[in-house]
Amino acid sequence: MEWDELVEAARLATAHSYSPYSHYPVGAAAWTTDGRLVTGCNVENASYGLTLCAECGLVSNLAATGGGRLIRFTCVDQAGRIITPCGRCRQLLWEHGGPTLQVLSPAGVVSMDQLLPQAWGFEELNPSA
């Protein structure tokens with residue numbers, strides 16, 4: 001579960017990106033608690049608001065391959081430069097990795113609660129669950 005492997009998997013995922021509008025392929029990769037590697041890439045749409053970020057594809061891959069929790073995550077551009085998830089995707093990652101998810105960012109490894117402080121999720125919406 002090395003970071004180098006994760007960055008390379010994310011870089012390879014950019015090759016599957018559909019980004020004819022921005023010309024900015026993004027790939028994402030994460031390790032799960034049970035040791036699976038899940039990846040995703042961005043998929044754009046002419047109606048820009050319907051564009052799916054790479055993290056969306058990654059979470060769909062997570063669900064489609066058995067679910068579980070994310071423990072390490074990164075995303076990169078086509079050149080392999082590490083980038084950070086947008087705000088929407090930070091919330092998505094919180095939902096599937098929680099506050100302790102380790103994120104490789106341009107500033108180094110940070111926990112999800114550092115990347116998205118004071119986040120809320122299932123527990124706050126379902127306090128009796």
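Everything that follows concerns the structure shown earlier in this document.
So, how was this worked out
- Residues numbered from 1 in each chain as written.
- Predicted model: local features only at pLDDT ≥ 70, side-chain atom pairs only at ≥ 80, totals over all residues.
- Heavy atoms only, no water.
- Helix = DSSP H or I, 4+ residues; strand = E, 2+ residues; numbered from the N terminus.
- Buried < 20%, exposed > 50% of the residue type's maximum accessible area, 1.4 Å probe, protein only.
- Axes fitted to C-alpha atoms, helices over the stretch in contact; angles between N-to-C directions.
- Parallel < 35°, antiparallel > 145°, perpendicular 65-115°, else oblique.
- Left-handed = near helix turned anticlockwise from the far one by under 90°.
- Contact = heavy atoms within 4.5 Å.
- Nonpolar A, V, L, I, M, F, W, Y, C, P; charged D, E, K, R; others polar.
- Salt bridge = Lys/Arg side-chain N within 4 Å of Asp/Glu carboxyl O.
- 1 Å grid on protein atoms, 1.4 Å probe; cavity = no way out; pocket = protein on both sides within 12 Å on 5 of 7 lines; lining within 4 Å.
- Points joined across faces, edges and corners; volume = space filled by probe spheres on them.

Moving on, we get to unusual backbone geometry. The backbone of His23 sits at a positive phi, close to 55°, despite the residue not being glycine. Position of His23 relative to the elements: it lies in the loop between helix 1 (3-13) and strand 1 (26-32). Here Gln118, not a glycine, exhibits a phi torsion of approximately 60°, which is positive. Within the secondary structure, Gln118 sits in the loop between helix 4 (112-115) and helix 5 (122-125). Judged by relative accessible area, which is 80%, Gln118 ranks as exposed.

This part is about the packing of helix 2 (residues 54-64) against helix 3 (residues 87-97). What describes two packed helices is the angle between their axes and the distance between those same axes. Axis separation between helix 2 and helix 3 bottoms out at 10 Å; the angle between their running directions is 20°. Taken together, the axis directions place helix 2 and helix 3 in an arrangement best described as roughly parallel. Of the two possible hands of crossing, helix 2 and helix 3 adopt the one that is left-handed. Within the contact between the two elements, helix 2 uses Glu55, Cys56, Val59 and Leu62 and helix 3 uses Arg88, Cys89, Leu92, Leu93 and His96. Here the contact of helix 2 with helix 3 is composed, by residue class, of six nonpolar, one polar and two charged.

Following the criterion strictly, the structure yields three salt bridges and no others. Of the charged contacts, one joins Glu8 and Arg11 as a salt bridge, the two residues approaching to 2.7 Å between their closest N and O atoms. Pair noted here: Glu8 and Arg11 are both in helix 1, with a separation of three residues, about one helical turn. Two residues, Asp77 and Arg81, come together in a salt bridge whose shortest N-O distance is 2.8 Å. On the basis of relative accessibility, which here comes to 3%, the residue Asp77 falls in the buried class.

Our next topic: the environment of Met112. Tracing the backbone through its elements, the reader meets Met112 in helix 4. Considered as a pair, Met112 and Leu101 are 11 residues apart in the sequence and their alpha carbons are 5.2 Å apart. The residues touching Met112, leaving out its near neighbours within four places in the chain, are Arg90, Leu93, Trp94, Gly98, Pro99, Leu101 and Val103.

In this structure, the largest pocket occupies an estimated 160 Å³ of space. In terms of lining, the largest pocket is formed by 15 residues, of which the most central are Val26, Asn42, Cys53, Ala54 and Glu55. Here the residues of the lining of the largest pocket are counted per class, giving nine nonpolar, four polar and two charged.

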